[in-house]
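Chain residues, written in single-letter form:
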Amino acid sequence: MGARGELFTTEVYLDNRSYFFNVKENRTGDVFLQIVESKSRDGADGERHQIAIFADDMQKFLQGMDRSLNFVEKDRKERAKLKAAKKAEKAKKIYRVTKESSKKQDDGIKRTGRIHVVSKRPQTESTEETKE
């Protein structure tokens, strides 16, 4: 038996976190799995959290973990499908000018693309005099 009752240890290192999976035996001979998460901040030791799962409960724990992993995988695939469908739908939206809509309308109105504002105020005598 190793230090502090450790029977087996494996480690997983991620960006700023480390996970340790320690199989241990306590003083009464009970075997349990200790999962430790260690977060480092700015190169210094940071937060440390741990949980313990006893051997009698490991199967139920693993079943819950397996159901969670299956859900995550199924959800990931559904999100990928929706994203691909949305991308395909966006690619389909190509607007084309048809021959009918490209014909110019000849209704006698000159269209220059500029806006022309006409005043609706009635012209008074003073404005008419200034025009003369």
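Residues numbered from 1 in each chain as written. Predicted model: local features only at pLDDT ≥ 70, side-chain atom pairs only at ≥ 80, totals over all residues. Heavy atoms only, no water.

Asker: Would you explain the overall build of the chain in this entry?
Answerer: On a plain count of helices and strands, the chain comes out with 3 helices and 4 strands. For the chain, the α and β elements follow one another from N to C terminus as β-β-β-β-α-α-α. By residue count, 10% of the 132 residues in the chain fall in the buried class. Considering only intrachain contacts with a sequence separation of at least 6, the fraction spanning at least 24 residues in the chain is 9%. Here the chain displays about 13000 Å² of accessible surface, and carbon together with sulfur accounts for 52% of that area. (Helix = DSSP H or I, 4+ residues; strand = E, 2+ residues; numbered from the N terminus. Buried < 20%, exposed > 50% of the residue type's maximum accessible area, 1.4 Å probe, protein only. Contact = heavy atoms within 4.5 Å. Areas by Shrake-Rupley, 256 points an atom, 1.4 Å probe, with all protein chains shown as cover.)

Asker: Help me out: how do you make sense of the sheet that holds strand β4 (residues 44-54) in this one?
Answerer: Adjacent strands of a sheet form backbone hydrogen bonds with each other and so pair up, either parallel or antiparallel. Strands sit in the order β1-β2-β3-β4 across an open sheet of 4 strands; the sheet is antiparallel. Two strands bound the open sheet, and with one partner strand each, they are β1 (6-13) and β4. Pairwise comparison of adjacent strand axes, ignoring direction, gives a mean angle of 15° for this sheet. Here strand β3 (residues 31-41) pairs with β4 via 9 bridges, running antiparallel. Counted as the bridge partner of E37 is H49 from β4. (Pairing = 2+ DSSP bridges. Axes fitted to C-alpha atoms, helices over the stretch in contact; angles between N-to-C directions.)

Asker: Mind showing me how you'd approach the packing of aromatic side chains here?
Answerer: Geometry of an aromatic ring pair is reported as the spacing of the ring centres plus the angle between the planes. If you walk through the whole model with that rule in mind, you get 2 aromatic pairs. Where Y13 meets F20, the ring centres are 6.3 Å apart and the plane angle is 90°; that geometry is what we call edge-to-face. With a relative accessible area of 54%, Y13 lands in the exposed category. Aromatic side chains F32 and F54 sit 5.4 Å apart centroid to centroid with 45° between the ring planes, which places their arrangement in the tilted category. Separated by 22 residues along the polypeptide, F32 in strand β3 and F54 in strand β4 bring together distant segments of the chain. Judged by its relative accessible area of 14%, F32 is buried. (Phe/Tyr/Trp six-rings, centres within 6.5 Å; stacked < 30°, edge-to-face > 60°.)

Asker: Is there a simple way to think about the environment of D57 in this case?
Answerer: Mapped onto the elements, D57 comes out in the loop between β4 and α1 (58-92). Each C-alpha atom of the pair D57 and L33 lies 10.0 Å from the other, and the pair is 24 residues apart in sequence.

Asker: Looking at this model, I keep getting lost on the pattern of salt bridges. Mind explaining?
Answerer: A side chain of one charge can pair with a side chain of the opposite charge if their charged atoms are brought near each other. Summed over the entire model, instances satisfying the criterion amount to 4 salt bridges. Close ionic contact of E37 with R17 constitutes a salt bridge, the shortest N to O distance being 2.5 Å. A residue pair is termed long-range when its members are at least 10 positions apart, and E37 in strand β3 and R17 in strand β2 (residues 17-25) qualify at 20 residues. (Salt bridge = Lys/Arg side-chain N within 4 Å of Asp/Glu carboxyl O.)

Asker: Any chance you could explain the pairing of β2 here in plain terms?
Answerer: A regular strand places its side chains on the two faces of the sheet in alternate fashion. What you see with β2 is a clean split: S18, F20, N22 and K24 sit on the buried side and R17, Y19, F21, V23 and E25 on the side with no burial. With 7 bridges connecting them, β1 and β2 associate as antiparallel partners. Bridging from a neighbouring strand, V12 pairs with Y19 of β2. Linking β1 back to β2 in an antiparallel pair, the connection comprises 3 residues.

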